[in-house]
Structure formats: structure tokens, C-alpha cells
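# Fold and contact review
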Amino acid sequence: MTQSTPEAGKDPAGIGQEATVPVPAAAGGGPVSHAIFRLARLHRMFAGQLLRRIGLHPGQELVMMHLWELGPQRQTDLVRLMDSDAATMTRTVRRLEQAGFVRRRPSPTDKRASLIEPTTASHALRREVEQVWSHLETLSTTGLTNEERTAALHTLERLEQNLVRAAAEGADTGDVGGAAGAGSGSGDE
């Protein structure tokens, strides 16, 4: 594979494995972010392959997991649980409904809402989803010691917390590195 820089795909010390995606020189300021991108892409690809065998697409299994565990839910509650948006959840629920894994029924407490509930057919799928997730975990963590798995999970949780905090604080994502204000004529000219 052709790398864009001599150190591309290596960890900061230059001793890592080659990246599966060439690391562009412009990503040099974000090696962790680029690694997350690559990992997420591969993880989603493997998840998609494994889930397709049982009739699901990535993300649908997470909706089903919540329904199996919590029971019937309003669609708005699923949006909140999944940290999703209404349009994506509407498409996901519609596809799960067409596949026969969920059904809608009127809410007994709110005449304007309906509840999404798992069907009997979906309960038969639960064990297969659990096996897919176990297999995906094995694929992802092969060769790691228990201590390395724990450390990796801790690091991923910290990264997630950082981004959740940045979102809550309204981190300015538009003014990257001060470039947006440079040369705008708003200075002491």
C-alpha cells in the first residue's frame, strides 16, 4: 500500500502497524482521530457482514437490544436511548417492522403515541444477535490481554466523555485552529 508520508500509518513513535487506509499528510495533526475513523469503518463493515446473515443492518440490533431489555418503547424514547434523530429512527423502525421484528401498537396512556414492541420472531433472533456481538468482540480484541482490553475500554470511554463534554459545552466546531477568523478583516487593520 502506498503511504502519503513516511510515517503514515505508524503510531507517534513510528513503531505501529501500517494503516488500512492511507493517512493523508493533512491528518498528521489528528492521528488519534484518524485511527478512530479507520477503526469505526472496519468495525461497522464486519458488523454489517455478520448482521446481514441474520437479516439485520448495523444499528438495528441496538434498537432490538433496547426493546428486548426494556420492553415496548415510544419511538421518541428510542431516539433518546440511541442518541439518534427522529428521521433515522423512523426509517429503522419501519425497516424492522417490514422485516417482522417489531410492531406498533397504540399507547394505553397517550392516545397520540404508539409503542414499538419486539415480535415473537425477533425474540428468536436475540440469541443470534448476542452471538454476533460476541464474535465481533473476539475479532476486535484478539491478541489483547485482559489488562489491555480493560485499558482499551477505559481509553475509549475517556475519548467518548471528552466529546460528550465538548458537545455539552457547545465547543466551537466551526473555527478550527483559528482559521475561520484569519484574514476576515475583523482585526486592527
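Model, not experiment: these values are computed from the prediction.

## Re the pairing of strand β3 (residues 114–118)
The buried fraction of β3 amounts to 4 of the 5 residues, a majority that puts the element mostly inside the structure. Two elements, strand β1 (residues 73–74) and β3, share 2 bridges in a ladder whose sense is antiparallel. Pairing of Q73 across the sheet is with I116, part of β3. In the sheet, strand β2 (residues 102–106) pairs with β3 via 5 bridges, with the strands oriented antiparallel. Residue pairing for β3: P106 is matched across the bridge by S114.

## A short note on the sheet that holds β2
Reading across the sheet, the 3 strands line up as β1-β3-β2 and stay open at both edges, with antiparallel pairing between neighbours. Of all strands in the sheet, those with a lone pairing partner are β1 and β2, marking the two edges. On the sheet, helix α2 (residues 60–70) packs against β1, β2 and β3 and is oriented at approximately 95° with respect to β3. Lying on the sheet, helix α4 (residues 86–98) is in contact with β2 and β3; it crosses β2 at an angle near 110°.

## Remarks on the layout of surface pockets
Remark: the empty space left among the atoms is shown by a probe the size of a water molecule rolled over them. The computed volume of the second largest pocket comes to approximately 430 Å³. Lining the second largest pocket are 20 residues; nearest its centre among them are R44, P58, G59, Q60 and L62. Contributions of two or more residues to the lining of the second largest pocket are made by α1 (31–52), α2, α4 and α5 (120–141). Ranked by residue count, the leading element in the lining of the second largest pocket is α4, at 5 residues. For the lining of the second largest pocket, the class distribution of residues is 8 nonpolar, 7 polar and 5 charged.

## Some words on α5
Taking 1.5 Å per residue as the helical rise, α5 with its 22 residues ought to reach 32 Å, and the 33 Å between its terminal C-alpha atoms agrees with that figure. Along its length, α5 shows its largest kink, about 35°, at R126. Along its buried surface, α5 packs onto α1, α2, β3 and α6 (146–168). A positive backbone phi angle near 90° is found at G143, which sits one or two residues after α5.

Cut-offs and rules
- Residues numbered from 1 in each chain as written.
- Predicted model: local features only at pLDDT ≥ 70, side-chain atom pairs only at ≥ 80, totals over all residues.
- Heavy atoms only, no water.
- Buried < 20%, exposed > 50% of the residue type's maximum accessible area, 1.4 Å probe, protein only.
- Helix = DSSP H or I, 4+ residues; strand = E, 2+ residues; numbered from the N terminus.
- Pairing = 2+ DSSP bridges.
- Contact = heavy atoms within 4.5 Å.
- Axes fitted to C-alpha atoms, helices over the stretch in contact; angles between N-to-C directions.
- 1 Å grid on protein atoms, 1.4 Å probe; cavity = no way out; pocket = protein on both sides within 12 Å on 5 of 7 lines; lining within 4 Å.
- Points joined across faces, edges and corners; volume = space filled by probe spheres on them.
- Nonpolar A, V, L, I, M, F, W, Y, C, P; charged D, E, K, R; others polar.
- Expected span 1.5 Å × (residues − 1).
- Bend = angle between axes of the 7 residues up to and from the residue.

These values are about where atoms sit, not about what they do.
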